[in-house]
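If you want the building blocks of each chain, they are given just below.
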Amino acid sequence: RRCLGAMARYGTEQRGRPGSPDYRLYFKNADGKYISPFHDIPLFAGSKEDKEIPAKRSKTTGTEVLFNMVVEVPRWTNAKMEIATDEPLNPIKQDIKKGKLRYVANIFPHKGYIWNYGALPQTWEDPHHTDNNTGCCGDNDPIDVCEIGSKVRSSGEIVQVKVLGVLALVDEGETDWKIIAISVDDPEAQKIHGKYLYISYCKLYIDDVKKHKPGYLEATVDWFRLYKVPDGKPENQFAFNGEFKDKEFAVEVIKSTHEYWKALLHKKADGGAIKCTNVLVSGSPFCCSEEDARSIVQLAPVPVNGDSVSPEVDSWHFFRK
């Protein structure tokens with residue numbers, strides 16, 4: 001299946017049956033090579049897809065640095081789809097906990113995820129690094145993105161986004177940054193620009209979200225605060241009292257997680273169970289051949305039609321403010 005949108009040069013291939021534990025979504029580039037969405041898709045949009053790590057090269061719109069986002073979960077859906085960091089080539093799969101496929105609860109008035117949810121490739125929140133702002137270590141995953149555009153995206157789609165700000169979630173004692181971003185092809189993207197005053201340039205990105213999408217940021221905080229409560233867990237906590245930090249702060253967080261990822265891919269950091277298998281990262285000891293990558297995919301279950309949905313997806317939960 002060829003992904004639509006700004007990054008149409010990437011495609012996906014389904015293996016296994018949707019709605020089952022064996023479902024996997026693998027990624028290909030324009031040359032038909034199987035790749036890792038975690039390691040082989042450049043962080044910076046417009047970076048030439050070659051054998052170099054695109055750490056400094058970037059596409060800009062004026063002064064705007066754009067990033068690639070890997071969509072894991074389309075808006076309004078409940079299945080907790082995620083990049084499988086512990087599997088070779090890191091396909092998208094549905095998370096499993098205690099032997100059951102995971103679905104996020106519907107917490108009134110929200111249905112499933114309230115944004116297109118995904119991750120920035122070539123980033124890693126190092127679990128051995130204590131963040132100076134939160135006092136907690138990273139969660140061992142790529143950095144998360146909440147894309148707030150109007151279009152419902154597809155799982156596996158690669159979207160060029162501009163960053164607007166960041167929320168610092170502290171999830172079970174781990175730092176779990178949530179980047180707020182919008183697709184550059186969204187009709188409202190140009191309204192959220194922050195050009196009014198140079199001294200306030202970055203802060204106004206978040207202010208513009210409040211202006212053009214009133215209630216969305218407050219709903220985002222509520223969603224992350226409560227989403228684990230139906231599972232019997234306590235409310236999540238936030239650094240900075242749940243306040244969103246601006247674009248400049250968010251970009252610095254992204255840059256630091258990109259550096260941690262580079263250390264990971266060159267064996268300068270301990271990734272534990274993380275699989276660093278890649279096809280395009282020059283100088284990485286984890287780089288494999290096209291044939292090896294193809295073999296990894298061919299070992300996965302053959303694609304099967306069907307999409308069984310758990311009854312819990314239709315359940316609703318209500319909490320007092």
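Residues numbered from 1 in each chain as written. Predicted model: local features only at pLDDT ≥ 70, side-chain atom pairs only at ≥ 80, totals over all residues. Heavy atoms only, no water.

1. Points about the overall build of the protein chain
Then, number 1: Scanning the protein chain for helices and strands turns up four helices and 18 strands.
Then, number 2: Residue burial in the protein chain is summarised as follows: out of 321 residues, 56% are buried.
Then, number 3: Per element, the accessible surface of the protein chain, about 14600 Å² overall, is 52% carbon and sulfur. (Helix = DSSP H or I, 4+ residues; strand = E, 2+ residues; numbered from the N terminus. Buried < 20%, exposed > 50% of the residue type's maximum accessible area, 1.4 Å probe, protein only. Areas by Shrake-Rupley, 256 points an atom, 1.4 Å probe, with all protein chains shown as cover.)

2. So, the packing of aromatic side chains
Then, number 1: The tally for this structure, following the rule as stated, stands at 14 aromatic pairs.
Then, number 2: Geometrically, the ring pair formed by Phe44 and Phe67 is tilted, given 5.5 Å between the ring centres and 35° between the ring planes. Of this pair, Phe44 sits in the loop between strand E3 (34–35) and strand E4 (60–61) while Phe67 sits in strand E5 (residues 64–73), and the two are 23 residues apart along the sequence.
Then, number 3: Judged by its relative accessible area of 9%, Phe44 falls in the buried class.
Then, number 4: In this arrangement the basic side chain of Lys245 is found over the ring face of Phe249, its NZ or CZ atom lying 5.3 Å from the centre.
Then, number 5: Residue placement shows Lys247 over the ring face of Tyr205; its charged tip is 5.2 Å from the ring centre. (Phe/Tyr/Trp six-rings, centres within 6.5 Å; stacked < 30°, edge-to-face > 60°. Lys NZ or Arg CZ within 6 Å of the ring centre and 35° of its normal.)

3. Concerning the pairing of strand E2 (residues 24–28)
Then, number 1: The element E2 is largely enclosed, with a buried count of four among its five residues.
Then, number 2: Where strand E1 (residues 11–15) and E2 come together, five bridges link them in antiparallel fashion. Note that in E2 the partner of Thr12 across the bridge is Phe27.
Then, number 3: Bridge count between E2 and E3: two bridges; the pairing is antiparallel. Within E3, the residue paired with Lys28 across the bridge is Tyr34. (Pairing = 2+ DSSP bridges.)

4. Structural notes on the pairing of strand E11 (residues 116–119)
Then, number 1: The alternating pattern of E11 places Asn116 and Gly118 and Tyr117 and Ala119 on opposite faces, both of which are buried.
Then, number 2: Both E11 and strand E13 (residues 144–147) contribute to a ladder of four bridges, which runs antiparallel. Bridge assignment links Gly118 to a residue of E13, and that residue is Val145.

5. Observations regarding the side chain of Gln94
Then, number 1: Take Gln94: it is sitting in strand E7 (residues 92–94).
Then, number 2: Under the relative-accessibility criterion, Gln94 is labelled buried at 5%.
Then, number 3: Among the polar contacts made by the side chain of Gln94, one reaches the main-chain carbonyl oxygen of Arg102 at a distance of 2.9 Å.
Then, number 4: Setting aside anything within four residues of it in sequence, one finds Gln94 in contact with Gly19, Ala79, Lys80, Met81, Leu101, Arg102 and Tyr103. (Polar contact = N/O pair within 3.5 Å; in protein donor to acceptor, adjacent residues only side chain to side chain. Contact = heavy atoms within 4.5 Å.)

6. Details of unusual backbone geometry
Then, number 1: Here the residue pair Phe108 and Pro109 is connected by a cis peptide bond, since its omega of 5° sits within 30 degrees of zero.
Then, number 2: Tracing the sequence through the fold places Pro109 in the loop between strand E10 (106–107) and E11.
Then, number 3: Notably, Glu172 is not glycine yet its phi reads approximately 50°, a positive angle.
Then, number 4: Inspection of the secondary structure puts Glu172 in the loop between strand E14 (158–171) and strand E15 (174–183).

7. Structural notes on the nonpolar core
Then, number 1: Among the nonpolar cores identified, the biggest contains 60 residues, and Trp115, Ile148, Leu164, Trp223 and Phe224 are the most heavily contacted of them.
Then, number 2: Take this core: its biggest share by element is six residues, from helix H2 (residues 216–226).
Then, number 3: Trp115 has contacts with Val73, Pro74, Arg75, Cys146, Glu147, Ile148, Tyr216, Thr220, Trp223 and Phe224, leaving out every residue within four places of it along the chain.
Then, number 4: If you look at the next biggest cluster of nonpolar residues, it comprises 21 residues, including Leu120, Val145, Val159 and Phe249. (Core = buried A, V, L, I, M, F, W, Y, C linked by side-chain atoms within 4.5 Å.)

8. Quick look at the confidence of the model for the protein chain
Then, number 1: Of all residues in the protein chain, 88% have pLDDT values of 70 or greater, and the mean over the chain is 89.
Then, number 2: Contacts of residues 1–6 to residues separated by more than four positions or lying in other chains number 18 contacts, the stretch itself having pLDDT below 50.
Then, number 3: Throughout residues 195–201 the model reports pLDDT below 50, and contacts reaching past four residues in sequence, or to other chains, amount to 10 contacts. (pLDDT = per-residue confidence, 0-100.)

9. With respect to the pattern of salt bridges
Then, number 1: Here the structure, examined in full by the defined rule, presents 20 salt bridges.
Then, number 2: For Glu157, the salt bridge is made with Arg153, and the minimal N-O distance between the two is 3.1 Å.
Then, number 3: By relative accessible area, which is 4% here, Arg153 ends up buried.
Then, number 4: The partner of Glu235 in a salt bridge is Arg225, and the shortest N-O contact between them spans 3.2 Å. With Glu235 in the loop between H2 and strand E16 (237–238) and Arg225 in helix H2, this residue pair connects regions lying 10 residues apart in the sequence. (Salt bridge = Lys/Arg side-chain N within 4 Å of Asp/Glu carboxyl O.)

10. Thoughts on the environment of Ala300
Then, number 1: Topologically, Ala300 is positioned in the loop between helix H4 (290–298) and strand E18 (316–317).
Then, number 2: On the accessibility criterion, Ala300 (9% relative accessible area) is buried.
Then, number 3: Counting along the chain gives 284 residues from Ala300 to Gly16, while the straight-line C-alpha distance between them is 7.3 Å.
Then, number 4: Contacts of Ala300, omitting those with residues within four sequence positions, involve Arg15 and Tyr26.

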